[in-house]
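Here are the chains, one letter per residue:
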Amino acid sequence: MDIFMQEAINEAMKGLSEGGIPIGSVLVREGKIIGRGHNRRVQDQNPVMHAETNCLHQAGRIGSYAGTTLYSTLMPCYFCAGAAVQFGIKKVIVGESKTFEGARLFMEEHGIEVIDLALHECIQMMENFISENPTLWFEDIGKL
């Protein structure tokens, strides 16, 4: 498995261990992780602290996002896809989109290359979480 996706999975597991939603993300430039994060909506009581936005927040001000790749264990939602479009991130690699279709088409329509690895580990992690925490999950995706 790609080392950067493994780091995103590690972030997701960290979020789960904190009582949150197991979605993780890393931002990579020139073979180095420059930002990492996980969904912190529950932990921070913050509805916009998704994994990708937390990752971008942790990366801080980096100037241009040219040449960066955003990894996420789950297909980004429209909110996080909008951040990728806004900052000019041109490549997003996701662990899976089976449990949540997200905003793939939106990103592709805005020039982002989206690669879905369809990883069993990511699918299983989300399927387990959703079956055990349906109310929290539906709150996270705005379907409550």
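Just above sits the structure.
None of these values were measured; they are calculated from a predicted model.

About the criteria used
- Residues numbered from 1 in each chain as written.
- Predicted model: local features only at pLDDT ≥ 70, side-chain atom pairs only at ≥ 80, totals over all residues.
- Heavy atoms only, no water.
- Core = buried A, V, L, I, M, F, W, Y, C linked by side-chain atoms within 4.5 Å.
- Buried < 20%, exposed > 50% of the residue type's maximum accessible area, 1.4 Å probe, protein only.
- Helix = DSSP H or I, 4+ residues; strand = E, 2+ residues; numbered from the N terminus.
- Contact = heavy atoms within 4.5 Å.
- Phe/Tyr/Trp six-rings, centres within 6.5 Å; stacked < 30°, edge-to-face > 60°.
- Pairing = 2+ DSSP bridges.
- Axes fitted to C-alpha atoms, helices over the stretch in contact; angles between N-to-C directions.
- Expected span 1.5 Å × (residues − 1).
- Arc of directions from axis to C-beta.

Draft legend 1. Structural view of the nonpolar core. Counting residues in each nonpolar core, the largest one holds 17 residues, and the members touching the most others are Leu27, Leu56, Leu70, Ile89, Val92, Met107 and Ile112. Counting only elements with at least two residues in this core, the list comes to helix 3 (51–59), helix 4 (78–87) and strand 4 (91–94). In contact with valine 92, other than residues within four places in its own chain, are Leu70, Pro76, Met107, Ile112, Glu113, Val114 and Ile115. With 11 residues, the next largest nonpolar core counts Ile21, Leu74, Cys80 and Phe100 among its residues.

Draft legend 2. Examining the packing of aromatic side chains more closely. The tally for this structure, following the rule as stated, stands at 4 aromatic pairs. Ring centres 5.6 Å apart and planes at 50° place the aromatic pair phenylalanine 4 and tyrosine 71 in the tilted group. Of this pair, phenylalanine 4 sits in helix 1 (residues 3–17) while tyrosine 71 is found in strand 3 (residues 68–72), placing the two residues 67 residues apart along the sequence. Taking the relative accessible area as the measure of exposure, tyrosine 71 reaches 6% and is therefore buried.

Draft legend 3. Focus on the sheet that holds strand 4. The 5 strands lie next to each other as 2-1-3-4-5, forming an open sheet whose pairing is mixed. Every interior strand has two partners, whereas the edge strands, strand 2 (32–38) and strand 5 (113–116), have only one. Neighbour-to-neighbour, the strand axes of the sheet open up by a mean angle of 15°, direction not taken into account. Examined bridge by bridge, strand 3 and strand 4 share 4 bridges and lie parallel to one another. The residue bridging leucine 70 from the neighbouring strand is valine 92, located in strand 4. Sheet strands touched by helix 3: strand 1 (24–29), strand 2 and strand 3. Its angle to strand 2, the strand with the most contacts, is close to 130°.

Draft legend 4. Spatial organisation of helix 6 (residues 120–132). Under the 1.5 Å per step criterion, the end-to-end length of helix 6 is 18 Å for 13 residues, consistent within 8% with the ideal 18 Å. Turning to helix 6, its buried residues number three or more, namely Cys122, Ile123, Met125, Met126, Phe129 and Ile130. Seen along its axis, helix 6 keeps its buried residues to an arc of 160°; they face one direction. Facing away from the buried side of helix 6, by more than 90 degrees, are the exposed residues His120, Ser131 and Glu132.

Draft legend 5. View of the environment of valine 26. As for its position among the elements, valine 26 is in strand 1. Residue classification places valine 26 among the buried positions, given a relative accessible area of 0%. Put simply, valine 26 and glutamine 6 are 20 residues apart on the chain and 9.6 Å apart in space, counted from C-alpha to C-alpha. When sequence neighbours within four positions are dropped, the list of residues in contact with valine 26 reads Phe4, Glu7, Ala8, Ile33, Gly35, Arg36, Cys55, Thr69, Leu70 and Tyr71.

Draft legend 6. Seen up close, helix 4. Among all positions of helix 4, only Cys80, Ala81, Ala83 and Ala84 are buried. Considered in projection along helix 4, the buried side chains sweep an arc of 155° and stay on one side of the axis. Turned more than 90 degrees away from the buried face of helix 4, the exposed residues are Tyr78 and Gln86. Contact partners of the buried residues in helix 4: helix 3 and helix 5 (104–109). Of the residues trailing helix 4, glycine 88 is marked for its positive phi of about 75°.

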